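Breakdown of the fold
What follows is each chain in one-letter form.
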Amino acid sequence: FFGEEKRKGYRQAQRPRVPLGIDQTASLLKLMGLKTEVCDVDVEGVERLVDLLSQRQFEVISVGTGSVLSETDFSLIYLIKEHAPQSVLIAGGASAASRYSVLLENTPLLAVIRGFGSIPLAEIAINLSRKESLEDVRGVILADSAKVIRFNLRQQPYGSNYLKLDSMAKRPADIPYREKYWPLADATI
């Protein structure tokens, strides 16, 4: 979508992947009573994201990265910050977790979530709304305004036991964004 080849919102050579982690996270956040909106630029396009950011004010915006950190990830983070300067930006996903220092030092991100992200993202949103510290949120690496990176070694990321906590968000009826992704999944099988 930021590359030279454009077709229906995603790079021509790249098939959209079904972001089950994002869908699962959004489902759990909704079940916890947090207002949640998902905009997948690979499916809906950057224009939809810009429209959404101009129409609403978001306290927290989470950016999901794929398995490889790319210029597209950086461009997307800066685009979001340009259109939502008041929002706190968080990143998660495989490349964010492994390349957190690069992201935190070179972008306006406040934090990177390592490991499973649904519960930490909810805790971040709740703590920010209560004006409480994020220091004790499990699996979160923070950067301050001076880009000093810090994390609490006692707060390890959520592991496989997390899946038990998250199982309620796996019921098909509880997945609010499934209409965006299941047709894509069916088309790629």
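These numbers come from a predicted model, not from an experiment.

Here the structure, examined in full by the defined rule, presents three salt bridges. E37 serves as the salt-bridge partner of R48, at 3.8 Å between the closest nitrogen and oxygen. Placement of R48 in helix α3 (residues 46–55) and of E37 in the loop between α1 (20–31) and α2 (41–44) is noted, with a sequence separation of eleven residues between them. On the basis of relative accessibility, which here comes to 29%, the residue R48 falls in the partly exposed class. Residue R56 pairs with E37 through a salt bridge whose shortest N-O separation is 2.9 Å.

On to the confidence of the model for the protein chain, then. Keep in mind that low pLDDT regions are not for reading the predicted coordinates in detail. Taken as a whole, the protein chain shows an average pLDDT of 75; of its residues, 66% reach a score of 70 or greater. Considering only residues more than four positions removed or in separate chains, one finds that residues 1–13, a stretch of pLDDT under 50, has 26 contacts. Scored below 50 in pLDDT, residues 165–169 makes 13 contacts in the model with residues more than four places away or belonging to other chains.

Between the first and last C-alpha of helix α7 (residues 118–129) there are 17 Å, a value that for twelve residues agrees with the 16 Å anticipated at 1.5 Å per step. Taken residue by residue, α7 has S118, I119, P120, L121, A122, I124, A125 and N127 as its buried positions. With its phi angle positive at about 60°, K131 sits one or two positions after the end of α7.

Let us look at the environment of I113. Within the secondary structure layout, I113 lies in strand β3 (residues 111–113). Owing to a relative accessible area of 5%, I113 belongs among the buried residues under this scheme. Between the C-alpha atoms of I113 and A97, which are 16 residues apart in sequence, the distance is 6.5 Å. Those residues within four positions of I113 in sequence are excluded, and the remaining contacts are I90, A91, G92, G93, A97, P120, L121, I124, G139 and V140.

By size, the foremost hydrophobic cluster in this structure holds 23 residues, and its most contacted members are L49, L53, I61, L76, I80, L103 and L109. Elements that contribute at least two residues to this core include exactly α3, β1 (60–65), α4 (71–83), β2 (88–93), α6 (100–106) and β4 (140–143). Those residues within four positions of L103 in sequence are excluded, and the remaining contacts are L69, F74, I77, A91, A96 and L109. Within the second largest apolar cluster, eleven residues are counted, among which are L29, A122, I124 and L142.

The rules behind each value
Per chain, the residues get numbers from 1 upward, laid out in the order the sequence is written. pLDDT decides what is reported in this predicted model: residues at 70 or higher carry local features, side-chain atom pairs at 80 or more are listed and counted, and totals for whole chains, interfaces and linings draw on all residues regardless. Note that water and hydrogens are dropped before the side-chain values are worked out from all heavy atoms of the structure. The salt bridge definition used is simple: a Lys or Arg side-chain nitrogen within 4 Å of an Asp or Glu carboxyl oxygen. What counts as a helix is a DSSP run of H or I of at least four residues, what counts as a strand is a run of E of at least two, and both are numbered from the N terminus. Each residue's exposure class comes from its accessible area (1.4 Å probe, protein chains only) as a fraction of the maximum for that residue type: buried when under 20%, exposed when over 50%, partly exposed otherwise. Confidence scores labelled pLDDT are given residue by residue by the predictor and lie between 0 and 100. Should any heavy atoms of two residues lie within 4.5 Å, those residues are considered in contact. Given a helix with a known number of residues, its expected span is that number minus one, times 1.5 Å. Each nonpolar core is a collection of buried residues, namely Ala, Val, Leu, Ile, Met, Phe, Trp, Tyr and Cys, held together in the definition by side-chain atoms within 4.5 Å.

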